[in-house]
Number of protein chains: 4
Amino acid sequence: MSFRYPFVVSMASVDAAGVLFYPELFRHAHDAYEAMMDEVGFPLSTILAHGQWRLPIVHAEADIERPLAQGEHLVVEIAIASLSAHSFQVGYVFRGADSRRRARALTVHVVMDPQSGKALPVPRGLRDALESLHHSD
Amino acid sequence: MSFRYPFVVSMASVDAAGVLFYPELFRHAHDAYEAMMDEVGFPLSTILAHGQWRLPIVHAEADIERPLAQGEHLVVEIAIASLSAHSFQVGYVFRGADSRRRARALTVHVVMDPQSGKALPVPRGLRDALESLHHSD
Amino acid sequence: MSFRYPFVVSMASVDAAGVLFYPELFRHAHDAYEAMMDEVGFPLSTILAHGQWRLPIVHAEADIERPLAQGEHLVVEIAIASLSAHSFQVGYVFRGADSRRRARALTVHVVMDPQSGKALPVPRGLRDALESLHHSD
Amino acid sequence: MSFRYPFVVSMASVDAAGVLFYPELFRHAHDAYEAMMDEVGFPLSTILAHGQWRLPIVHAEADIERPLAQGEHLVVEIAIASLSAHSFQVGYVFRGADSRRRARALTVHVVMDPQSGKALPVPRGLRDALESLHHSD
């Protein structure tokens, strides 16, 4: 029910204390989201090229439970946390090599008409694709 | 009561749709926070070099109300949103050239002993410094 | 003859040793280049929206003479290092608060037709605009 | 004789034209370098924690032969391009899914005493480790 995305905390992502700089947590979350969208058949580059709608992120949040150090191998477990007529939420759990949770994040996505900037309903095909990664706990 | 930090949405910060990539919103928020900490006499580089405590960010969130486009001139208004014995919250409002609010963010900071990883109370000097940027609306 | 762009080495730009992570040197160089292009009347967002040509960077290089530490205030001095029929080079000198040179960089820009991917001559208007920041030392 | 590091051009790395923002080429090169240093037994986090020497990058350069688009799957082939008493050079070739070269980069690394900032010879153990990835074409 969830998609897994591994990454290493590299020098590019840490601050002067040697731990993950929090905006980089969101960057890795987004990389995981892109990989998930590829997996379900809706690559972001195709959505953008197609041009009929976009999926702007209107809210993002994260809790960092323990600092993530340079060199650590992490996995992002990503799933659809909620799915409604006009938006969906993506949930992310970051786990260390010992499988313990280290951080979590959530993003809220809406569907937008790129011409008018107006909200649109979640297209049927996308809805079906996301449903496969939807869990309700 | 608040500190202002101007920036331009540059190519480095946008996605393929030409709008601010949301992790970059947090990066700019952090740049504003660093400038504020300099202003109140607690530069992050000094805190780190001093080595007695650190200020990890344990929670971050943002709402993006309207997409921010490449080339836009923005201002971050930053203030202390709350201040308690063991943590403080920093609030950020992003405004466009017309002064309208475009996005907002919040970060929660705790004080940590870098040796033990244990929580510490907010040091008195820091507390007094942050008080000057504290508002309660 | 040159354009000046100030910036502070913030947490977002440093590595675990507390010094500028070198890809971030190029990011700041690009921010300076964008500010310069705005100044001479060719904002990158306008070039992209206009859609007749793009200015891809085909070569970039930098020398870091002394590490740049978190919290340092720097200035990028940027100028057109060369200007030919089909390309131009932008030169960057990074100076510390004491005006001493700390790093330098160079980028090579060509003009490209976005449809065909073919090279184009430097448009006359752009050429004239860049000429004002061209020096030959 | 070379080490391979795969990555995908994600939204985080592209500009408003949907192609790799060149400072991000260096970021991916550095991620590849870190993975290589892990492989040869000298993780950067260990070097930093050990504290006897650092490996600052004093020069970096890249040529981008064809723009790299969002969603592309690339491989970095990384090898030691030169190895002398006081420095070493790392070479990077970026290849697309069809194995054709799309970009290349080079970084020059020196050994530095973190206390004095003075140059040191390349330590024997590191030299031996790098030798295994050294080629002389």
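Notes on the structure in this doc start here. Computed from a predicted model, the values in this text were never measured in an experiment.

1. Details of the relation of the copies chain A and chain C
Here comes step 1: Overlay of chain A on chain C (RMSD 0.0 Å): rotation 180°, translation along the axis 0.0 Å. Between the two chains, the operation in question is that of a two-fold axis. Across chain A, the smallest distance between a C-alpha and the rotation axis is recorded for Ala-16 of chain A, namely 2.2 Å.
Here comes step 2: An overlap of 100% is found between the interface residues of chain A and their copies at the interface of chain C, pointing to a shared contact surface.

2. Looking at the interface of chain A and chain C
Here comes step 1: Facing eight residues of chain A, the contacting portion of chain C comprises eight residues.
Here comes step 2: In total, chain A and chain C occlude about 650 Å² of area from one another, counting both sides; carbon and sulfur atoms represent 73% of this.
Here comes step 3: When the area that chain A buries against chain C is broken down by residue, the three leading residues are Met-11, Ala-16 and Phe-21 of chain A, summing to 63%.
Here comes step 4: At the junction of chain A and chain C, the tally comes to zero salt bridges.
Here comes step 5: Counting across the chain A and chain C interface gives zero residue pairs in polar contact (both at pLDDT 80 or more).

3. Thoughts on helix 3 (residues 124-131) of chain A
Here comes step 1: Among the residues of helix 3 of chain A, those classed as buried are Leu-126, Ala-129 and Leu-130 of chain A. Buried residues along helix 3 of chain A cover an arc of 95° about the axis, so they all sit on one side.

4. Quick notes on the interface of chain B and chain A
Here comes step 1: Facing 20 residues of chain B, the contacting portion of chain A comprises 20 residues.
Here comes step 2: Between chain B and chain A, the buried area comes to about 1900 Å², and carbon and sulfur atoms account for 65% of it.
Here comes step 3: When the buried surface of chain B facing chain A is broken down by residue, Phe-21, Tyr-22 and Phe-26 of chain B rank first, second and third, together holding 26% of it.
Here comes step 4: Run the count over chain B and chain A and you get zero salt bridges.
Here comes step 5: Run the count over chain B and chain A and you get eight residue pairs in polar contact (both at pLDDT 80 or more).
Here comes step 6: For the side of chain B that touches chain A, the secondary structure elements donating two or more residues are helix 1 (22-39) and strand 2 (57-64) of chain B.

5. Observations concerning the relation of the copies chain B and chain A
Here comes step 1: After a rotation of 180° and a shift along the axis of 0.0 Å, chain B superposes on chain A with an RMSD of 0.0 Å.
Here comes step 2: A shared binding surface is used by both copies, with 100% of the interface residues of chain B retained as interface residues in chain A.

6. With respect to the pairing of strand 2 (residues 57-64) of chain A
Here comes step 1: Examined bridge by bridge, strand 2 of chain A and strand 5 (residues 101-112) of chain A share seven bridges and lie antiparallel to one another. What sits directly across from Ile-64 of chain A, in strand 5 of chain A, is Ala-103 of chain A.
Here comes step 2: In terms of strand pairing, strand 2 of chain A meets strand 2 of chain B through five bridges, oriented antiparallel. Paired with Ala-60 of chain A across the two strands is Ala-62 of chain B, which belongs to strand 2 of chain B.

Cut-offs used in this document
Residues numbered from 1 in each chain as written. Chains lettered and ligands numbered in written order. Predicted model: local features only at pLDDT ≥ 70, side-chain atom pairs only at ≥ 80, totals over all residues. Heavy atoms only, no water. Least-squares fit on C-alpha atoms with pLDDT ≥ 70 in both. Contact = heavy atoms within 4.5 Å. Buried area = accessible area lost by both parts, 1.4 Å probe. Salt bridge = Lys/Arg side-chain N within 4 Å of Asp/Glu carboxyl O. Polar contact = N/O pair within 3.5 Å; in protein donor to acceptor, adjacent residues only side chain to side chain. Buried < 20%, exposed > 50% of the residue type's maximum accessible area, 1.4 Å probe, protein only. Helix = DSSP H or I, 4+ residues; strand = E, 2+ residues; numbered from the N terminus. Arc of directions from axis to C-beta. Pairing = 2+ DSSP bridges.

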